[in-house]
Amino acid sequence: MPVQHLQLQYEHFAEDAGLPADALMLLQKAREATGIAYAPYSNFRVGAAILLENGQVITGANQENASFPAGLCAERVALSAVTSQFPDAIIQAIAISYQPAGGNSDHPISPCGICRQTLLEYEIRQQQPIRIILGGMMGEIIIIPAARLLLPFSFTPQDLKGFPQADHRKHQNG
Ligand code: THU
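Throughout what follows, the structure given in this document is the object of discussion. The model shown is predicted, which means the values in this text are computed figures rather than measured ones.

1. Remarks on the nonpolar core
Here is step 1 of the chain: Counting 26 residues, the largest nonpolar core has Ile50, Ile91, Ile94, Ile132 and Ile144 as its most contacted members.
Here is step 2 of the chain: The element contributing the most residues to this core is helix 2 (residues 74–85), with five residues.
Here is step 3 of the chain: In contact with isoleucine 144, not counting residues within four places along its chain, are Tyr10, Ile130, Arg131, Ile132, Leu134, Leu149 and Leu150.
Here is step 4 of the chain: Counting residues in each nonpolar core, the second largest holds 13 residues, with Phe13, Ala23, Ala30 and Ala95 among its members.

2. Focus on helix 1 (residues 21–33)
Here is step 1 of the chain: With 13 residues, helix 1 should reach 18 Å at 1.5 Å per residue; the first-to-last C-alpha distance of 18 Å fits that figure.
Here is step 2 of the chain: All buried positions along helix 1 are accounted for by Ala23, Leu26, Leu27, Ala30, Arg31 and Ala33. Angularly, the buried residues of helix 1 cover 160 degrees about the axis, an arc narrow enough to put them on a single face. Opposite the packed face of helix 1, turned more than 90 degrees from it, sit the exposed residues Ala21 and Glu32.
Here is step 3 of the chain: The inward-facing, buried residues of helix 1 contact strand 2 (45–52), strand 3 (57–61), strand 4 (91–99), strand 5 (131–135) and strand 6 (141–144).

3. As for the pattern of salt bridges
Here is step 1 of the chain: Throughout the structure, instances matching the rule amount to two salt bridges.
Here is step 2 of the chain: Across the salt bridge formed by arginine 31 and aspartate 16, the nearest N and O atoms sit 2.9 Å from each other. With arginine 31 in helix 1 and aspartate 16 in the loop between strand 1 (11–13) and helix 1, this pair connects stretches of sequence that are 15 residues apart.
Here is step 3 of the chain: Residues aspartate 22 and arginine 131 are paired through a salt bridge, measuring 3.6 Å at the closest nitrogen-oxygen approach. Of this pair, aspartate 22 sits in helix 1 while arginine 131 sits in strand 5, placing them 109 residues apart in sequence.
Here is step 4 of the chain: A residue is classified by how much of its surface remains accessible, and aspartate 22, at 36% relative accessible area, is partly exposed.

Rules of the game
- Residues numbered from 1 in each chain as written.
- Predicted model: local features only at pLDDT ≥ 70, side-chain atom pairs only at ≥ 80, totals over all residues.
- Heavy atoms only, no water.
- Core = buried A, V, L, I, M, F, W, Y, C linked by side-chain atoms within 4.5 Å.
- Buried < 20%, exposed > 50% of the residue type's maximum accessible area, 1.4 Å probe, protein only.
- Helix = DSSP H or I, 4+ residues; strand = E, 2+ residues; numbered from the N terminus.
- Contact = heavy atoms within 4.5 Å.
- Expected span 1.5 Å × (residues − 1).
- Arc of directions from axis to C-beta.
- Salt bridge = Lys/Arg side-chain N within 4 Å of Asp/Glu carboxyl O.

So this is what it looks like as structure tokens:
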């Protein structure tokens, strides 16, 4: 049978109530971090909060630029802050929230492709999964148990070395 199937398991919550306490705390920090965004061009403010194994929380927000491609997403701002301040820290989870200029923030948004690739490399380096908590300022919340689940058939350091990945599905399952 040439057709293969990938499975993605994630948690879904209708609202804040019912979220595990650590996830709710981190999501609140991500919501607060939307306030430190510099987004005069898109007016789309994104906040990210990262929970380290030692309990510390590091936040970041998108930083735009008049030269648009120079802008950085909230996720990569927060990840870079972690790795420059705590190079050996293990990342347990990242929460991401947002505030659009107009309109509602009542459903989750997912990290962009570049941020998925970046998150995956952090996960590979630390050899421990990074939980991804996604939610707006209100409404439903999604928790994805590992970054690799968001990027099946990914390009990884193994590929650079010319090693075949034993099973591409490992980036989706487990
Ligand atoms: N943005 C993020 O910060 N994170 C994402 O995952 C998606 C997009 C930012 C980039 C840009 O400053 C604005 O949102 C609009 O794309």
